[in-house]
Structure formats: structure tokens, C-alpha cells
Amino acid sequence: MPVFSKTSKARLQTCHPDIAAVCRELIKQYDFAVLCGHRTKAEQNDAFKRGTSRLVYPQSAHNKIPSHAVDIAPYPIDWNNLMRFREMWHRFDALAQLMYERGEIESRFEWGGEWNTLKDYPHIEIKEE
């Protein structure tokens, strides 16, 4: 069974409890790394300047405390294998829906890989109602 690294655990601790709960369940069946949870002002603005985010601080879901977004990647990471990112999202989403129906979490999620603008395959965030 896969387990989180110390770094992934620390990053996940900065995330909303619903994100953390789904990720803790997903790691039991699928190996992935947590790349980012909360982003500081400097980190967010740097991501914007590099073109990896379309939002400046404090507009990103990553900027909330706790973070309403997480960036995760299938492990081992292969940035060219987008099918693995899609599979990871489908597993996350199916698990999140099940946990939502059971009353274990209160959030619904959206995936950056489905956005029409910047495709952000590692990005999952709480869907704001």
C-alpha cells in the first residue's frame, strides 16, 4: 500500500479537512505526491509570473487558510503522461463523491484539467457553490 512522504504529509496539513480526508483515502489505493497546498503571497505571485497560475494573490484557492486547493501528481511523476493525471482525478472524484454521499465530507470538487483556459492537471479545488 502506498504511503505519503513526510513532505506530502506536511503539504496536506495546510489543506481544507475535506481535501485532506479524500487524499488520505486515495493514498490507500493509488500512489501520488502532494505538490502544493497553501501558497503564501510570494509563492502565489511567483506561480503567476511563471505562468503556472492564472491568478495573483489572494485570488487563488491555494491562498485560503486552510487551502481550498491541492496540487497532486501520480507517483512516480511523469509530466508527459496526462492519462495518469486523468486517472488520478477520476479516482479522486469517485472517492470524493462516495465520501460526500456518506456524509464524511461536505465539499464537491473541480479539476484544473477540465478548465477551458490554463489546463492545470495537478490542481483540484473545492467547488464554490
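I will try to describe carefully the structure that is included in this document. (Residues numbered from 1 in each chain as written. Predicted model: local features only at pLDDT ≥ 70, side-chain atom pairs only at ≥ 80, totals over all residues. Heavy atoms only, no water.)

Moving on, we get to the overall build of the protein. The number of helices and strands found in the protein is 4 helices and 4 strands. Along its sequence from the N terminus, the protein presents helices and strands in the succession α-α-β-α-β-α-β-β. Taken against the 2.2 N^0.38 rule, which gives 14 Å for 129 residues, the C-alpha radius of gyration of the protein at 14 Å falls within 12% of a compact globule. If one aligns the C-alpha atoms of the protein with their principal axes, the spans along those axes are about 35 × 30 × 30 Å. (Helix = DSSP H or I, 4+ residues; strand = E, 2+ residues; numbered from the N terminus. Rg over C-alpha atoms; globule rule 2.2 N^0.38 Å.)

Judged by nonpolar contacts, the single largest core of 29 residues is most densely connected at Leu 12, Ile 19, Phe 32, Ile 72, Phe 92, Phe 109 and Ile 124. Here this core gets 7 residues from one element, more than from any other, and that element is helix H4 (residues 82–101). (Core = buried A, V, L, I, M, F, W, Y, C linked by side-chain atoms within 4.5 Å. Buried < 20%, exposed > 50% of the residue type's maximum accessible area, 1.4 Å probe, protein only.)

Take the pattern of salt bridges next. Side chains carrying opposite charge are able to pair once their charged atoms draw close together. Under the definition given, this model contains 6 salt bridges. Lys 64 is paired through a salt bridge with Glu 128; the nearest N and O atoms lie 3.5 Å apart. Of this pair, Lys 64 sits in the loop between helix H3 (41–50) and strand S2 (69–74) while Glu 128 sits in the segment after strand S4 (123–126), and the two are 64 residues apart along the sequence. As a salt-bridge pair, Glu 87 and Arg 91 come within 3.0 Å of each other at their nearest N and O atoms. Of this pair, Glu 87 and Arg 91 are both found in helix H4, 4 residues apart, which corresponds to roughly one turn of the helix. Judged by its relative accessible area of 33%, Glu 87 falls in the partly exposed class. (Salt bridge = Lys/Arg side-chain N within 4 Å of Asp/Glu carboxyl O.)

For sheets, the rule is that strands pair by backbone hydrogen bonds, running either parallel or antiparallel. If you walk across this open sheet you meet the 4 strands as S1-S2-S4-S3, and the pairing is antiparallel. One side of each edge strand has no neighbouring strand; the edge strands of this open sheet are strand S1 (32–36) and strand S3 (109–111). Strand after strand, the sheet turns through a mean of 30° between neighbouring axes, direction not considered. Sheet topology places S1 next to S2; 4 bridges connect them, and they run antiparallel. Bridged to Phe 32 within S2 is Pro 74. Lying over the sheet, helix H2 (residues 17–26) contacts S1, S2, S3 and S4, oriented at roughly 70° with respect to S3. Those strands touched by H4 are S1, S2, S3 and S4, and its axis lies near 130° from that of S2. (Pairing = 2+ DSSP bridges. Axes fitted to C-alpha atoms, helices over the stretch in contact; angles between N-to-C directions. Contact = heavy atoms within 4.5 Å.)

Now for the packing of aromatic side chains. The description of an aromatic ring pair uses the distance of the two centres, along with the angle that the planes make with each other. Under the defined criterion, the tally for this structure stands at 6 aromatic pairs. Seen in terms of ring centroids, Phe 4 and Phe 32 are 5.3 Å apart; in terms of plane orientation they differ by 90°. Their pairing is edge-to-face. Here the residue Phe 4 occupies a position in the segment before helix H1 (6–12), and Phe 32 occupies one in strand S1, the gap between them amounting to 28 residues. Residues Phe 92 and Phe 109 carry aromatic rings whose centres are separated by 5.1 Å and whose planes lie at 85° to one another, so their mutual orientation is edge-to-face. Remark: Phe 109 occurs in strand S3 and Phe 92 occurs in helix H4; sequence separation between them is 17 residues. Between Arg 54 and the ring centre of Trp 115, over which it is positioned, the NZ or CZ distance is 4.4 Å. (Phe/Tyr/Trp six-rings, centres within 6.5 Å; stacked < 30°, edge-to-face > 60°. Lys NZ or Arg CZ within 6 Å of the ring centre and 35° of its normal.)

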